[in-house]
Amino acid sequence: MSTPPKTPLLDTVDTPADLRKLDRSQLRQLADELRAEMIDAVGQTGGHLGSGLGVVELTTAIHYVFDTPDDKLVWDVGHQCYPHKILTGRRDRIRTLRQGGGLSGFTKRSESEYDPFGAAHSSTSISAALGFAMANKMQGKPGRGIAVIGDGAMSAGMAYEAMNNAEQAGNRLVVILNDNDMSIAPPVGGLSAYLARTVSSSEYLHLRHLASRISKKLSRRVWSGLEKAEEYARGMVTGGTLFEELGFYYVGPIDGHNLDHLIPVLENVRDSEDGPVLIHVVTKKGKGYAPAENSADKYHGVAKFDVITGEQKKSSGGPPAYQNVFGDTLAKLADTDPRICAITAAMPSGTGVDRFAKAHPDRAFDVGIAEQHGVTFAAGLAAQGMRPFAAIYSTFLQRAYDQVVHDVAIQNLPVRFAIDRAGLVGADGCTHAGSFDITYLATLPNMVVMAAADEAELVHMTYTAAEYDDGPIAFRYPRGAGIGLDLPETPQKLEIGKGRIVREGTKVAILSLGARLEEARKAADLLEAKGLSTTVADLRFAKPLDTDLIEKLLRSHEVVVTVEEGAVGGLGAHVLTFASDEGLTDAGLKIRTMRLPDIYQDHDDPMKQYDEAGLNAPHIVDTVLKALRHNSASENERVEEVRA
Ligand SMILES: Cc1ncc(C[n+]2csc(CCOP(=O)(O)OP(=O)(O)O)c2C)c(N)n1
Ligand SMILES: CC(=O)[C@@H](O)[C@H](O)COP(=O)(O)O
Ligand SMILES: [Mg+2]
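Predicted model only: the values in this text are computed from it and were never measured. (Residues numbered from 1 in each chain as written. Chains lettered and ligands numbered in written order. Predicted model: local features only at pLDDT ≥ 70, side-chain atom pairs only at ≥ 80, totals over all residues. Heavy atoms only, no water.)

## What to know about the site of ligand 1
Here is step 1 of the chain: Taken together, 22 residues surround ligand 1, and among them His79, Ala120, Gly152, Lys285 and Glu371 come closest.
Here is step 2 of the chain: Separating an oxygen atom of ligand 1 from a backbone N or O atom of glycine 152 is a distance of 2.7 Å.
Here is step 3 of the chain: Here alanine 153 contributes a backbone N or O atom positioned 2.9 Å from an oxygen atom of ligand 1.
Here is step 4 of the chain: Out of a free accessible area of 580 Å², ligand 1 has 97% covered by protein chains.
Here is step 5 of the chain: Grouping the constituent residues of the shell around ligand 1 by class yields nine nonpolar, nine polar and four charged. (Near = heavy atom within 4 Å. Polar contact = N/O pair within 3.5 Å; in protein donor to acceptor, adjacent residues only side chain to side chain. Areas by Shrake-Rupley, 256 points an atom, 1.4 Å probe, with all protein chains shown as cover. Nonpolar A, V, L, I, M, F, W, Y, C, P; charged D, E, K, R; others polar.)

## Some remarks on the coordination of the magnesium ion (ligand 3)
For a metal with four tetrahedral donors the ideal donor-metal-donor angle is 109.5 degrees, whereas six octahedral donors ideally subtend 90 or 180 degrees.
Here is step 1 of the chain: Coordination of the magnesium ion (ligand 3) by the protein involves Asp151 (OD), Asn180 (OD1) and Met182 (O), with metal-donor separations of 2.0 to 2.1 Å.
Here is step 2 of the chain: Each donor residue of the magnesium ion (ligand 3) lies on one chain, and together they are spaced D-x28-N-x1-M. Here aspartate 151, found in the loop between strand 3 (145-150) and helix 7 (157-163), pairs with asparagine 180, found in the loop between strand 4 (173-179) and helix 8 (189-201); they are 29 residues apart in sequence, far enough to count as distant.
Here is step 3 of the chain: We classify aspartate 151 as buried; its relative accessible area is 6%. (Donors = N, O, S within 2.8 Å, 3.2 Å for Na, K, Ca; no water. Helix = DSSP H or I, 4+ residues; strand = E, 2+ residues; numbered from the N terminus. Buried < 20%, exposed > 50% of the residue type's maximum accessible area, 1.4 Å probe, protein only.)

## Describing the side chain of aspartate 40
Here is step 1 of the chain: Inspection of the secondary structure assignment puts aspartate 40 in helix 2 (residues 27-45).
Here is step 2 of the chain: Look at aspartate 40 and you get buried, because its relative accessible area is 3%.
Here is step 3 of the chain: Side-chain polar atoms of aspartate 40 contact the side chain of glutamine 44, separated by 3.1 Å.

## Some details on the UniProt feature "domain: Transketolase-like pyrimidine-binding" (unreviewed entry) in the chain
Here is step 1 of the chain: Within the UniProt annotation, "domain: Transketolase-like pyrimidine-binding" (unreviewed entry) is assigned to residues 320-485.
Here is step 2 of the chain: The annotated region residues 320-485 carries 43% helix and 15% strand content, and the separation between its end C-alpha atoms amounts to 10 Å. (UniProt positions renumbered as here; feature names shortened; annotations may be inferred.)

## Some remarks on the environment of aspartate 255
Here is step 1 of the chain: With respect to the helices and strands, the residue aspartate 255 is situated in strand 5 (residues 249-255).
Here is step 2 of the chain: Looking at aspartate 255, its side chain comes within polar contact range of the main-chain nitrogen of histidine 257, at 2.8 Å.

## Observations concerning the UniProt feature "binding site: Mg(2+)" (unreviewed entry) in the chain
Here is step 1 of the chain: Per the UniProt record, "binding site: Mg(2+)" (unreviewed entry) is annotated on Asp151 and Asn180. Judged by maximum C-alpha separation, these annotated positions cover 30 residues in sequence but sit close together in space, the widest gap being only 6.9 Å.
Here is step 2 of the chain: Discounting chain neighbours no more than four positions away, the residues touching aspartate 151 are Leu177, Asn178, Asp179, Asn180, Asp181, Met182, Pro187, Leu191 and Leu195.
Here is step 3 of the chain: Among residues more than four places away in sequence, those in contact with asparagine 180 are Asp151, Thr283, Lys284 and Lys285. (Contact = heavy atoms within 4.5 Å.)

## Structural notes on the pairing of strand 15 (residues 508-513)
Here is step 1 of the chain: The buried count for strand 15 comes to six of six residues, which makes it a mostly enclosed element.
Here is step 2 of the chain: As paired elements, strand 15 and strand 16 (residues 534-538) share five bridges and run parallel to each other. Following the sheet pairing, valine 508 is matched in strand 16 by threonine 534.
Here is step 3 of the chain: As for the winding sense of the linkage, the β-α-β connection from strand 15 through helix 22 (residues 517-529) to strand 16 is right-handed.
Here is step 4 of the chain: By the bridge criterion, six bridges tie strand 15 to strand 18 (residues 559-564) in an arrangement that is parallel. (Pairing = 2+ DSSP bridges. Right-handed = clockwise from strand over helix to strand, strands pointing away.)

## Looking at the packing of aromatic side chains
Here is step 1 of the chain: Under the criterion given, the structure shown has 15 aromatic pairs.
Here is step 2 of the chain: Members of the aromatic cluster, joined through ring pairs, are Tyr322, Phe326, Phe389, Phe475 and Tyr477.
Here is step 3 of the chain: Its guanidinium or amino end placed over the ring of tyrosine 610, arginine 516 lies 3.5 Å from that ring's centre, counting from NZ or CZ. (Phe/Tyr/Trp six-rings, centres within 6.5 Å; stacked < 30°, edge-to-face > 60°. Lys NZ or Arg CZ within 6 Å of the ring centre and 35° of its normal.)

## Observations concerning empty space enclosed by the protein
Here is step 1 of the chain: All chains considered together, the criterion is met by three cavities of 30 Å³ or more.
Here is step 2 of the chain: Lining the largest cavity, in full, are Ala422, Ala451, Ala452, Arg476, Tyr477, Pro478, Gly514, Ala515 and Glu565.
Here is step 3 of the chain: When grouped by side-chain class, the residues that make up the lining of the largest cavity number six nonpolar, one polar and two charged.
Here is step 4 of the chain: Computed from the structure, the second largest cavity encloses a volume of approximately 40 Å³.
Here is step 5 of the chain: Residue lining of the second largest cavity: His63, Thr68, Pro69, Asp71, Lys72, Leu73, His84, Glu113, Tyr114 and Pro116, and that is the complete set.
Here is step 6 of the chain: Across the lining of the second largest cavity, the residue classes break down as four nonpolar, three polar and three charged. (1 Å grid on protein atoms, 1.4 Å probe; cavity = no way out; pocket = protein on both sides within 12 Å on 5 of 7 lines; lining within 4 Å. Points joined across faces, edges and corners; volume = space filled by probe spheres on them.)

## Re the pairing of strand 16
Here is step 1 of the chain: For strand 16, a buried count of five out of five residues is recorded, marking the element as mostly surrounded by other parts of the structure.
Here is step 2 of the chain: Side-chain alternation along strand 16 places Thr534, Val536 and Asp538 on one buried face and Thr535 and Ala537 on a second face that is also buried.
Here is step 3 of the chain: Direction of pairing for strand 14 (residues 500-503) relative to strand 16: antiparallel, over a ladder of three bridges. When the sheet's bridge partners are listed, arginine 503 is paired in strand 16 with valine 536.

## Considering the site of ligand 2
Here is step 1 of the chain: The environment of ligand 2 is made up of His48, Val77, Phe106, Ala120, Ile184, His300, Tyr393, Phe396, Arg421, Asp428, His432 and Arg479.
Here is step 2 of the chain: Contact distances for ligand 2 include 2.7 Å between an oxygen atom and a side-chain N or O atom of histidine 300.
Here is step 3 of the chain: Residue arginine 421 places a side-chain N or O atom 2.8 Å away from an oxygen atom belonging to ligand 2.
Here is step 4 of the chain: Contact with the protein chains covers 86% of the free accessible surface of ligand 2, which is 360 Å².
Here is step 5 of the chain: Considering only residue class, the shell around ligand 2 consists of six nonpolar, three polar and three charged.

Spelled out as structure tokens, the structure:
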């Protein structure tokens with residue numbers, strides 16, 4: 001355990017009200033202590049480090065100048081909110097970050113009045129802040145909406161939808177663009193180039209003309225034509241043209257680590273009658289901690305680490321991560337199939353597309369945080385004869401649902417969806433859980449939905465998807481690594497809609513979909529030990545179902561249990577629908593469906609989560625025994641059981 005840093009000034013600050021009692025000259029020391037505290041805490045908890053380090057000064061300045069919580073401060077993504085949490089009454093719990101019953105790793109409404117809006121999925125902050133601003137305006141209440149959005153998050157269309165709608169808010173809306181020239185990976189696209197030009201083309205605003213420049217900009221509602229022409233001529237507005245054309249007053253770029261610059265700018269904006277304002281601050285991701293600053297990913301997401309050396313305490317060895325199995329398999333397939341290409345939405349390493357890109361750089365596309373565009377881009381590629389793989393986490397694919405429905409499924413275009421982080425994801429918690437993709441995909445026309453039980457199955461499903469040109473096909477797999485199987489040298493093309501029996505029994509049947517198969521096998525062992533002969537099937541497909549296999553097992557077993565790492569409306573619902581449509585439930589069979597809860601609150605380690613979620617072997621056994629008891633009980637006993 002590292003020795004906690006000495007933080008005499010921070011020790012006097014529990015909330016922003018305490019912070020505002022400090023003299024401005026003390027804020028530098030406070031920020032230094034805040035940074036040290038954050039590094040020490042995250043060293044013990046792991047989590048998102050780089051982005052929070054980059055906004056230590058900005059967080060301090062915002063809470064010093066604005067009247068939070070009346071001014072509603074909305075952090076985009078929220079992964080940079082640890083300094084904010086320390087300054088808003090949660091320092092005592094900061095070392096419970098991302099643990100069961102602990103602080104969320106993102107902003108969360110239920111946690112604090114200083115978290116007016118929950119986050120975790122990116123690019124929502126301007127819309128939410130605009131909502132707060134307009135509500136206050138309509139209710140005649142004081143208080144602004146303040147959105148802090150990163151350059152990566154600014155690459156999503158939703159941010160422009162909000163800015164396009166923002167003029168109505170006037171000076172009630174403040175947008176702070178935190179430009180650290182990083183997403184998780186280096187940022188991509190035209191916006192990133194534009195911002196880079198802005199930062200390089202104009203000297204950071206120096207103190208001497210900072211105030212005059214800002215007051216000039218913010219003092220007039222409308223520029224005269226001449227002045228505007230002059231501005232353009234001088235190139236002064238190169239920095240803000242994009243934002244100014246959307247109706248914002250643009251201020252910047254300013255040094256986001258220099259409190260002597262930040263404070264007067266924020267004060268000018270706070271006191272101005274004009275708006276909305278976009279303040280462009282330039283920061284460094286990982287600022288103030290050498291191991292982060294020197295790392296390629298700026299320590300975006302870290303395991304627990306040694307604060308002195310920066311060395312992370314990651315488990316080494318073990319089976320390869322699923323994303324890398326996918327990326328490597330796809331790269332190999334693409335060696336002999338020029339139609340294969342891969343799309344990621346700003347998550348190259350998380351999806352394994354970075355491994356594909358190493359082998360086929362011309363066929364790998366990072367579209368930025370733009371899942372909607374990514375899916376329809378893939379639809380265009382498919383329509384023109386390519387074999388596109390849209391590699392998008394289950395939770396982030398939710399962002400592009402209409403594109404999946406409208407642009408892909410209804411048009412029956414052969415887009416392949418490689419869906420990582422399907423199921424529980426551990427410390428990122430409920431905003432990142434891949435709970436809904438079976439439900440939201442298997443209900444769609446033409447869509448084929450597969451779930452890999454292990455890493456070998458993932459290889460086969462990647463190949464099966466590559467070869468499937470009859471329409472859209474999705475395959476899901478969990479966060480983390482497989483079970484240590486050798487990867488097949490020759491991928492198999494799976495028969496669409498066919499599952500497999502992995503264990504023969506006679507009395508109980510477990511229909512497993514995806515990576516809970518190991519728990520299903522363990523449950524079968526436990527049931528056999530009780531004299532209950534158990535069949536285990538890996539259905540492989542949620543759609544189309546292997547109805548022959550399911551009917552055969554329903555007719556020949558007393559109890560059938562479906563197990564899936566997805567919320568209600570997925571495999572279990574489809575099996576029940578099939579059984580009732582075919583009149584199979586009339587055979588007195590009791591089908592039980594086991595699945596994830598709609599939402600779970602805790603951030604915890606993956607294995608404990610399955611216990612909480614009720615998806616481990618003992619839970620499967622309990623479900624089976626309950627069903628058997630129910631089956632064998634007399635009608636009266638059943639009625640009594642229900643009454644009890
Ligand atoms: C819709 C969505 N897609 C992807 C992600 C994954 N993600 C989390 S943070 C991040 C990068 C954000 O970059 P930026 O906004 O610049 O913040 P920074 O980390 O640089 O502070 C991404 C892609 C997400 N949270 N939400
Ligand atoms: C903040 C965010 O959304 C990402 O950093 C996400 O936490 C990555 O998840 P993985 O760690 O599962 O790649
Ligand atoms: Mg960034």
